[in-house]
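This is what each chain is made of:
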Amino acid sequence: MLERILDFLKNKYFIGGVTILVIVFTGSFVINYYNEKNNEAEFRKFISINEEFAVEELDSNELLSSIDLNFDSFGYEVITKTILAKKAVDEENFNLALNLFLEVYQTVQDERISKATKNILKEHLIENIIRIYMQTNDFNGGSNFIEENAINSLRFHELAGDYYKFFGKNTDSLFHYDQAINFDIDETQKNLINLKKPKAQ
């Protein structure tokens, strides 16, 4: 089982897109494999889909229409959809990428997992979602997402500051950068955030 997981990790989309999810989920995959017989079928499906991702001739839309992204296992489903979202980003298929990341985000929101684990996953997904809204110049979509999914964390406030600065909303940008600086961080981190602040008009 461990050797098969290591082989799976060699996939370029896996490495490029979902490393943080490996840290959260791989241990539980191994444990559950030995506790649940039906996990073998889930793992075989997981590997089969990964092989489809490795076919360079297939783009993200073709993959979406040809594979079943739904799993009984929360972890397999989150990772698989995130891999496809990463591939879509690489292809500049931002609408598909955004839809997948938003779907995964909602799945994480609804899943009964520890608060610490949930926040790690949410921060990872929020960053991807916010960056796509910036890439597509969708201010209203991104602003609504930020307001509806606020997390009181250093990373969230720094990202929100980046977002509002990108769109020239300096008051909102400064607010979030100031919130980030209020966390218990060293002077180097504070200086880096201060350097990002928009200049007064």
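Just so you know, these numbers come straight off a predicted model, no measurement behind them. (Residues numbered from 1 in each chain as written. Predicted model: local features only at pLDDT ≥ 70, side-chain atom pairs only at ≥ 80, totals over all residues. Heavy atoms only, no water.)

## Structural notes on the confidence of the model for the protein chain
Interpretation of the predicted coordinates at a detailed level should be avoided for regions scoring low in pLDDT. Per-residue pLDDT for the protein chain has a mean of 83; in total, 80% of the residues score no lower than 70. Within the protein chain, the lowest mean pLDDT, 42, falls on helix H2 (residues 12-17), and the highest, 97, falls on helix H9 (residues 139-148). Note on residues 1-17: pLDDT under 50 across the span, and 41 contacts to partners over four residues away in sequence or across chains. Contacts for the low-pLDDT stretch residues 26-31, under 50 throughout, to residues beyond four places or in other chains number nine contacts. (pLDDT = per-residue confidence, 0-100. Helix = DSSP H or I, 4+ residues; strand = E, 2+ residues; numbered from the N terminus. Contact = heavy atoms within 4.5 Å.)

## Quick look at the side chain of Glu77
You can see Glu77 is positioned in helix H6 (residues 74-90). At a separation of 3.0 Å, a polar atom in the side chain of Glu77 contacts the main-chain amide nitrogen of Phe71. For Glu77, the side chain forms a polar contact with the side chain of Lys81, separated by 2.8 Å. (Polar contact = N/O pair within 3.5 Å; in protein donor to acceptor, adjacent residues only side chain to side chain.)

## As for the environment of Ala88
Counting through the fold element by element, Ala88 comes out in helix H6. Distance in space between the C-alpha atoms of Ala88 and Leu100 is 9.3 Å, their sequence separation being twelve residues. Each residue touching Ala88, except ones within four places of it in the same chain, is listed here: Ser60, Asn93, Leu96 and Ala97.

## Description of the packing of aromatic side chains
Under the criterion given, the structure shown has 13 aromatic pairs. An angle of 50° between the planes, with centres 6.3 Å apart, marks the rings of Phe43 and Phe46 as tilted. With Phe43 and Phe46 both in helix H4 (residues 39-53) and three residues apart, this pair spans about one turn of that helix. Looking at Phe46, the relative accessible area reads 4%, which means it is buried. Arranged with centres 5.9 Å apart and planes meeting at 45°, the rings of Phe71 and Tyr76 form a pair that is tilted. The pair formed by Phe71 and Tyr76 is uniform in burial state, with each residue classed as buried. Linked through ring pairs, Phe139, Tyr163, Tyr164, Phe166 and Phe167 together constitute an aromatic cluster. When the ring centre of Phe71 is taken as reference, the NZ or CZ atom of Lys45 above it lies at 4.5 Å. The side chain of Lys169 reaches across the aromatic face of Phe139, ending 5.2 Å from its centre. (Phe/Tyr/Trp six-rings, centres within 6.5 Å; stacked < 30°, edge-to-face > 60°. Buried < 20%, exposed > 50% of the residue type's maximum accessible area, 1.4 Å probe, protein only. Lys NZ or Arg CZ within 6 Å of the ring centre and 35° of its normal.)

## Description of the packing of helix H8 (residues 115-135) against helix H10 (residues 154-166)
Look at H8 against H10: their axes get within 10 Å of each other, and the N-to-C directions meet at 0°. In terms of axis orientation, H8 runs roughly parallel to H10. Across from Glu123, Ile126, Glu127, Ile130, Arg131, Tyr133 and Met134 in H8, the residues of H10 making contact are Arg155, Phe156, Leu159, Asp162, Tyr163 and Phe166. Of the residues contributing to the contact of H8 with H10, the split by class is eight nonpolar, no polar and five charged. (Axes fitted to C-alpha atoms, helices over the stretch in contact; angles between N-to-C directions. Parallel < 35°, antiparallel > 145°, perpendicular 65-115°, else oblique. Nonpolar A, V, L, I, M, F, W, Y, C, P; charged D, E, K, R; others polar.)

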